[in-house]
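Next come the chains, spelled out residue by residue.
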Amino acid sequence: TLAKLIDADYSRIQFTPDLLPADLLGTLIYSQRSETFSVKKGPIFAHFVLADEINRAPAKVQSALLEAMQERQVTLGEETYPLPSPFLVMATQNPIEQEGTYRLPEAQVDRFLLKVVLGYPSHEEEMEIIQMNLASQLPMVEPVTTAQQILKVRQAVRWVYLDEKILHYIVALVMATRQVESVPALQGMIAYGASPRASISLAAAARAYAFIAQRAYVIPEDVRAVCHDVLRHRLGMSYEADAVGMDADKAIAEIVNTVPVP
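Report on the accompanying structure.

About the thresholds
- Every chain's residues receive numbers from 1 upward, in the order its sequence appears when written.
- pLDDT decides what is reported in this predicted model: residues at 70 or higher carry local features, side-chain atom pairs at 80 or more are listed and counted, and totals for whole chains, interfaces and linings draw on all residues regardless.
- Just so you know, side-chain values use all the structure's heavy atoms and leave hydrogens and water out.
- Only protein chains enter the accessibility calculation, which uses a 1.4 Å probe; a residue is then buried when its area is under 20% of its type maximum, exposed when over 50%, and partly exposed in between.
- In this description a helix means any DSSP run of H or I spanning at least four residues, a strand means any run of E spanning at least two, and both kinds are numbered starting from the N terminus.
- Note on pairing: two strands pair once DSSP finds at least 2 bridges between them.
- Multiplying 1.5 Å by the helix residue count minus one yields the expected span of that helix.
- A contact between two residues is defined here by any heavy atoms of the two lying within 4.5 Å.
- Aromatic pairing here means that ring centres of Phe, Tyr or Trp (its six-membered ring) are within 6.5 Å. Orientation follows from the plane angle: under 30 degrees is stacked, over 60 is edge-to-face, and everything else is tilted.
- Whether a charge lies above a ring is judged from NZ of Lys or CZ of Arg, which has to be within 6 Å of the ring centre and within 35 degrees of the ring normal.
- Salt bridges are defined as contacts in which a side-chain nitrogen from Lys or Arg sits within 4 Å of a carboxyl oxygen from Asp or Glu.
- Every axis in this analysis is a line fitted to C-alpha atoms, fitted for helices over the stretch in contact. Angles between the N-to-C directions lie between 0 and 180 degrees.

Residues Val74 and Leu76 line the buried face of strand β5 (residues 73-76), whereas the alternating positions Gln73 and Thr75 sit on a face that is not buried. Of the pairings in the sheet, the one linking β5 to strand β6 (residues 79-82) comprises 4 bridges and is antiparallel in character. When the bridges of β6 are listed, Leu76 appears paired with Glu79. Between β5 and β6, which pair antiparallel in sequence order, lie 2 residues; one of them, Gly77, sits at a positive phi of approximately 70°.

Moving on: helix α9 (residues 220-231). In a regular helix each residue adds 1.5 Å, so 12 residues correspond to 16 Å; α9 covers 16 Å between its end C-alpha atoms and thus fits that length. Along its buried surface, α9 packs onto α7 (164-178), α8 (196-212) and α11 (248-258).

Time to look at the packing of aromatic side chains. Geometry of an aromatic ring pair is reported as the spacing of the ring centres plus the angle between the planes. In total, this model carries 1 aromatic pair according to the counting rule given. Geometrically, the ring pair formed by Tyr30 and Phe37 is tilted, given 5.1 Å between the ring centres and 55° between the ring planes. Residue Tyr30 is classed as partly exposed on the basis of its relative accessible area, which comes to 45%. A cation sits over an aromatic face here: Lys41 above Phe45, 4.9 Å from the ring centre. Above the plane of the ring of Tyr217 lies Arg215, whose end atom (NZ or CZ) is 5.9 Å from the centre.

As a further point, take the pattern of salt bridges. When charged atoms on two side chains of opposite charge get close, those side chains can pair. For the structure on display, the rule yields 8 salt bridges. One salt bridge in this structure joins Asp222 and Arg215, with 2.7 Å as the shortest N-O distance. Across the pair Asp229 and Arg232 runs a salt bridge whose closest N-O atoms are separated by 2.7 Å. A cluster of three or more residues bridged by salt bridges with shared partners is formed by Asp110, Arg197 and Arg234.

What follows is about α8. Across its 17 residues, α8 extends 25 Å between first and last C-alpha, which sits within 8% of the 24 Å expected from 1.5 Å per residue. Listing the buried residues of α8 in full gives Ala198, Ser199, Ser201, Leu202, Ala203, Ala205, Ala206 and Ala210. Where α8 is buried, its residues touch α7 and α9. Where α8 terminates, the next one or two residues include Gln214, which has phi positive at roughly 65°.

Reading across the sheet, the 3 strands line up as β1-β4-β7 and stay open at both edges, with parallel pairing between neighbours. The sheet is open, and its two borders are formed by β1 (10-14) and β7 (88-91), each paired with just one other strand. On average, each strand axis in the sheet is inclined to that of its neighbour by 20°, with strand direction left out of account. As paired strands, strand β4 (residues 48-52) and β7 are joined by 4 bridges and run parallel to one another. Residue pairing for β7: Val49 is matched across the bridge by Val89.

Glancing now at the environment of Leu118. Checked against the element boundaries, Leu118 lands in the loop between α4 (106-109) and α5 (123-134). Separated by 83 residues in the primary sequence, Leu118 and Ser201 have C-alpha atoms spaced 20 Å apart.

Burial along β1 is one-sided: Ser11 and Ile13 are buried, while Tyr10, Arg12 and Gln14, pointing the other way, are not. Here β1 runs beside β4; their pairing, made up of 5 bridges, is parallel. Bridge assignment links Tyr10 to a residue of β4, and that residue is Phe48.

Another aspect to go through is unusual backbone geometry. Residue Pro86 follows Ser85 across a cis peptide bond; omega there is 0°. Secondary-structure assignment places Pro86 in the loop between β6 and β7. With a phi close to 65°, Gln214 is a non-glycine residue in the positive phi region. On the basis of relative accessibility, which here comes to 76%, the residue Gln214 falls in the exposed class.

Just distances and angles here, no functional claims.
Right under this line is the structure:
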């Protein structure tokens, strides 16, 4: 639906244990007639990529995504090919079923800007879901913008003013995940804190949140609004935290409530 709304390319990849890196990225195919190699690009070459049940594929497949997600490019053989712009990877994980799954590498998890937790739909939402699925066909959407306009908006977001005090606040929040002695309730609860990529992501997400709110500047409430989604997948909770029921969301709430707001 998102891809149709901006008239962009879309790929869905079902991650399975037998998936190979070439199934995502593509491969070089040898032609006996011309005695040369030609490039067969994989489904990763799309504006929107849905990685369904991403934790079902082994580590070598996950590592194939690292270059694409960070550098927005794919290397096949000796050549490097840029990915379409804008480029967005959306991944799903089943939070209940764990058999036949692989834990994602921390380096890969850190490359996701946000981790959004989807709960069960409300009563009204579930009724609407049933009605749409019982209808003769699902609702059709028409493009409302283009990929080029999205890129222009992205440039506009970069002009949203981020004051140095807000920047200090962002760094203080991230630093608190590493130096938990500043948060008494988290002593021994966090095994490892968020990386510098978390600080970059928090600043970028706060800017986008302010832009959506039609403001040309970031306020502390913007940072607090996106803090959980940006940080929850970047914290490593200890065994002690599991024992007392302290998860990443509760730890982030403690940090947000402890770090002074500018």
